[in-house]
Amino acid sequence: MTDPVTRAAELLKDHRESIDRLDSILVYTLAERFSHTQAVGKLKAEHDLPASDPAREAQQIARLEELAEKANLDPKFATKFLNFIIQEVIQHHNQHKT
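One structure accompanies this document, and this report is about it. Nothing here was measured: the structure is a model prediction, and the numbers come from that model. Numbering of residues starts from 1 in every chain and runs along the sequence as written. Local features in this predicted model are restricted to residues of pLDDT 70 or higher, and side-chain atom pairs are both shown and tallied only at a pLDDT of 80 or more, whereas totals for entire chains, interfaces and linings draw on every residue. Note: side-chain values were computed over all heavy atoms of the structure, leaving out hydrogens and water.

**Considering the packing of aromatic side chains**
What counts as a ring pair is set by centres within 6.5 Å for rings of Phe, Tyr and Trp (its six-membered ring), and what kind of pair is set by the plane angle: stacked under 30 degrees, edge-to-face over 60, tilted for all other angles. Within the structure shown, the criterion is met by one aromatic pair. Considering the side-chain rings of phenylalanine 77 and phenylalanine 81, the 6.3 Å spacing of their centres and the 20° angle between planes classify their relative orientation as stacked. Residue phenylalanine 77 and its partner phenylalanine 81 are both found in helix H3 (residues 75-97); the two are separated by four residues, about one turn of the helix. Each residue is placed in one exposure class: buried if its accessible area under a 1.4 Å probe, protein chains only, is under 20% of its type's maximum, exposed if it is over 50%, and partly exposed if it falls in between. For phenylalanine 77, a relative accessible area of 45% translates into the label partly exposed. Helix numbering and strand numbering both begin at the N terminus, where a helix is a DSSP run of H or I of at least 4 residues and a strand a DSSP run of E of at least 2.

Okay, structure coming up:
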C-alpha cells in the first residue's frame with residue numbers, strides 16, 4: 001500500500017501525461033485547421049473575396065457554443081478561443097491579398 005503523497009504524485013503524473021497528449025492533439029489539429037484556412041485565404045484572394053465573412057463567423061460561434069455546452073466546457077471560453085482563431089485566420093487571409 002502506498003502513502004497518500006506517493007499516490008497523489010502518481011495521479012498527478014497520470015494527469016500530466018494526459019494533458020501532454022491532449023496538447024499534442026490540439027497542436028496537430030490546429031495545424032490541420034490552419035492548413036485549410038490558408039487554402040481558403042488563397043482562394044478568396046484569387047477571387048477578390050473579402051477576408052472576413054461575418055455571417056459564417058456568427059454561425060461558427062453559435063455552433064461552437066453549442067458544442068461547448070454539450071462537452072461541459074465554458075461556452076464563453078470557447079467563444080474567446082474561436083474569436084482568437086478567427087482573427088488569426090483573417091490576418092492570414094489579408095496577407096494573401098498583398
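**Quick word on the nonpolar core**
Within soluble globular proteins, side chains that are nonpolar generally end up buried alongside one another. The biggest cluster of nonpolar side chains holds five residues, and these are Ala51, Ile61, Leu82, Ile86 and Ile90. Top contributing element to this core by residue count: H3, with three residues. Setting aside anything within four residues of it in sequence, one finds isoleucine 86 in contact with Glu57 and Ile61. To qualify as a nonpolar core, a set must consist of buried Ala, Val, Leu, Ile, Met, Phe, Trp, Tyr and Cys residues joined through side-chain atoms within 4.5 Å. In what follows, residue pairs with any heavy atoms lying within 4.5 Å of each other are defined as contacts.

**Quick notes on the environment of valine 40**
Positionally, valine 40 belongs in helix H1 (residues 4-46). Classification of valine 40 by relative accessible area gives partly exposed; the value is 39%.

**Points about the pattern of salt bridges**
Salt bridges are identified by distance alone: a Lys or Arg side-chain nitrogen within 4 Å of an Asp or Glu carboxyl oxygen. Scanning the entire structure with this criterion turns up three salt bridges. A salt bridge links glutamate 10 to arginine 7; the shortest N-O distance between them is 3.4 Å. In this pair, glutamate 10 and arginine 7 are both assigned in helix H1, three residues apart and thus about one turn of the helix distant. Notably, a salt bridge pairs lysine 70 with glutamate 66, separated by 3.3 Å at the nearest N-O pair. Of this pair, lysine 70 and glutamate 66 both sit in helix H2 (residues 54-70), separated by four residues, roughly a single helical turn. Here lysine 70 falls in the exposed class, since its relative accessible area comes to 66%.

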